[in-house]
Amino acid sequence: MTPVQTVSQVFDAIQQAKAGAPDFCTNFFPVQRKVQDWISHGELFAELRHDAIFFYRRDRDFWHLYYCASSKTALHREIPTVAELRTEPIVLDLVGKEGDASAAIGDWESAGFRRYSRLFRMSRTSTDANGDKTESTTKIEFAVVPDAKAVLELLERAFDRFGEQLPVRYEIESAIQAQQVLVARHQGDIAGLLFFETQGFSSTLRFWAVATEHRALKVGSALMRHYFATQNAVKRFVLWVAADNVNAVQKYGHYGYKPDGLVDYVLANQLVRS
Ligand SMILES: CC(C)(COP(=O)(O)OP(=O)(O)OC[C@H]1O[C@@H](n2cnc3c(N)ncnc32)[C@H](O)[C@@H]1OP(=O)(O)O)[C@@H](O)C(=O)NCCC(=O)NCCS
């Protein structure tokens, strides 16, 4: 694999794989700004094959794998030839409707990958409210850049790095600067956080976490209610949640979120140990 140097290398390579390919398949839906960040931080690598491209994004002590192939047959043919799939710790996401996403798993299982976790998407509209306007008395504010370390630590304690696409330090700092991280404090420490991205009429809740010692004390409630109460222009709220996180699924249900049919199978190879 070789380091990717420019954003256009990525988009040109995808276009090339797509050209004239009626059965094009991919798990890569890149956003230009994110690709630029990955390249600037030396995190993105690529491996070009005849009818397929594999991108690797470094994350902590493992890689996220993305592929683009001119057809499923080409992908099936190329997977066994990529040495890194056996020598590096790798996870990949297969996103889609239940049947489509699970149908793609077989090729990866033959290459030594296993089902690591399953997430599903939940969404709600601004009218599916459950007392949204009732803000709590717990003070909620935007995080500031010096909070980045504590935000990262709380995320890494609360979530699984292989299955949940956790941001790294620079991504947390940019999210804080963009006012996308809400925090609740207790005696100067961060007791809980809500990490989100709002664009126009749509808002994605990326992470909602409360430190263990502050759970079930309405800190999570205060964060969530503040989030809904302040996203006035948003018409559609979405999030991804691990299917086995019953606690979170029930709470999201309480706030009006419902599964909307999209799933994400996270697959991991044998070098990824949970
Ligand atoms: C999920 C999490 C953030 C909740 O935080 P918390 O402070 O314990 O939550 P709260 O006690 O404030 O409860 C939140 C809401 O859920 C409601 N709730 C509590 N138990 C519930 C249940 N079993 N079913 C449905 N709703 C429930 C509460 O009444 C409250 O609603 P309200 O606003 O109407 O009062 C916390 O458990 C956590 O950090 N978990 C680990 C990380 C995680 O899984 N995050 C979610 C995935 S992104």
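Residues numbered from 1 in each chain as written. Predicted model: local features only at pLDDT ≥ 70, side-chain atom pairs only at ≥ 80, totals over all residues. Heavy atoms only, no water.

Q: Looking at this structure, I do not really get the overall build of the protein. What am I missing?
A: Each helix and strand counted, the protein has 10 helices and 13 strands in total. A globule of 274 residues ought to have a C-alpha radius of gyration of about 19 Å, and the protein, at 20 Å, matches this closely. Each principal axis of the C-alpha distribution contributes one length, and for the protein these read about 60 × 35 × 35 Å. Evaluated residue by residue, the protein yields a buried proportion of 48% over its 274 residues. Put simply, 71% of the contacts in the protein that link residues at least 6 apart link residues at least 24 apart. Accessible area of the protein: about 13600 Å², with a carbon and sulfur share of 51%. Charge-centre separation for the protein: the mean point of 32 positive side chains lies 5 Å from the mean point of 33 negative side chains. (Helix = DSSP H or I, 4+ residues; strand = E, 2+ residues; numbered from the N terminus. Rg over C-alpha atoms; globule rule 2.2 N^0.38 Å. Buried < 20%, exposed > 50% of the residue type's maximum accessible area, 1.4 Å probe, protein only. Contact = heavy atoms within 4.5 Å. Areas by Shrake-Rupley, 256 points an atom, 1.4 Å probe, with all protein chains shown as cover. Lys, Arg positive; Asp, Glu negative; His and termini not counted. Charge placed at Lys NZ, Arg CZ, Asp CG, Glu CD.)

Q: Help me out: how do you make sense of the domain arrangement of the protein in this one?
A: One frequent convention defines the size of an interface as the accessible area lost when the parts assemble. On domain assignment, one finds that the protein holds domain 1 (2–88) and domain 2 (124–264). Here the C-alpha centre of domain 2 lies 30 Å away from the C-alpha centre of domain 1. Contact with domain 1, which involves 11 residues of that partner, is made by 11 residues of domain 2. A combined buried area of about 940 Å² lies between domain 1 and domain 2, and 40% of that area is made up of carbon and sulfur atoms. Taken together, domain 1 and domain 2 are joined by three salt bridges. (Domains from an automatic or database assignment. Buried area = accessible area lost by both parts, 1.4 Å probe. Salt bridge = Lys/Arg side-chain N within 4 Å of Asp/Glu carboxyl O.)

Q: Teacher, can you tell me more about the site of the ligand here?
A: For the ligand, the set of nearby residues contains 20 residues, the closest of which are Trp-208, Lys-218, Asn-245, His-254 and Tyr-255. Residue Val-210 places a main-chain N or O atom 2.8 Å away from an oxygen atom belonging to the ligand. One of the side-chain nitrogen or oxygen atoms of Arg-215 is found 3.2 Å away from an oxygen atom of the ligand. Calculation on the ligand without its partners gives an accessible area of 970 Å², and the protein chains cover 81% of this total. Elements supplying a minimum of two residues to the shell around the ligand: β11 (202–210), α9 (219–230) and α10 (246–254). Of the residues assigned to the shell around the ligand, the class counts are 10 nonpolar, six polar and four charged. (Near = heavy atom within 4 Å. Polar contact = N/O pair within 3.5 Å; in protein donor to acceptor, adjacent residues only side chain to side chain. Nonpolar A, V, L, I, M, F, W, Y, C, P; charged D, E, K, R; others polar.)

Q: Please explain the packing of aromatic side chains as it appears in this structure.
A: Aromatic rings in a pair are described by how distant their centres are and how their planes are angled relative to each other. Inspection of the entire model under this criterion finds 20 aromatic pairs. Between Tyr-67 and Trp-108, the ring centres sit 5.5 Å apart and the planes meet at 35°, which makes this aromatic pair tilted. Linking Tyr-67 in strand β5 (residues 62–69) with Trp-108 in helix α6 (residues 105–110), this pair joins segments that are 41 residues apart in sequence. Of the residues examined, Tyr-67 reaches a relative accessible area of 5% and is grouped as buried. Residue Trp-108 is classed as buried on the basis of its relative accessible area of 0%. (Phe/Tyr/Trp six-rings, centres within 6.5 Å; stacked < 30°, edge-to-face > 60°.)

Q: Help me out: how do you make sense of the pairing of strand β3 (residues 44–48) in this one?
A: Each regular strand displays side chains that alternate between the two surfaces of the sheet. Counting buried residues in β3 gives four out of five residues, a clear majority hidden from the surface. Two elements, strand β1 (residues 2–3) and β3, share two bridges in a ladder whose sense is antiparallel. Considered in β3, the bridge of Pro-3 is made with Phe-45. Where β3 meets strand β4 (residues 52–59), five bridges bridge the pair, whose relative direction is antiparallel. Residue pairing across strands places Leu-48 opposite Ile-53, the latter belonging to β4. Hairpin connection, β3 to β4: the antiparallel pair is bridged by three residues. (Pairing = 2+ DSSP bridges.)

Q: When you look at the nonpolar core in this model, what are you seeing that I'm missing?
A: Nonpolar side chains tend toward joint burial in soluble globular proteins. Judged by nonpolar contacts, the single largest core of 48 residues is most densely connected at Trp-108, Tyr-227, Tyr-252 and Tyr-257. At six residues, α9 tops the list of elements feeding residues into this core. A domain-level breakdown of this core finds at least three residues from each of domain 1 (2–88) and domain 2 (124–264). Leaving out residues up to four positions away in the same chain, Tyr-252 has contacts with Met-122, Leu-205, Trp-208, Met-224, Leu-239, Val-241 and Tyr-257. The next biggest cluster of nonpolar side chains, apart from the first, holds 19 residues, and it includes Ala-143, Val-151, Leu-166 and Val-181. (Core = buried A, V, L, I, M, F, W, Y, C linked by side-chain atoms within 4.5 Å.)

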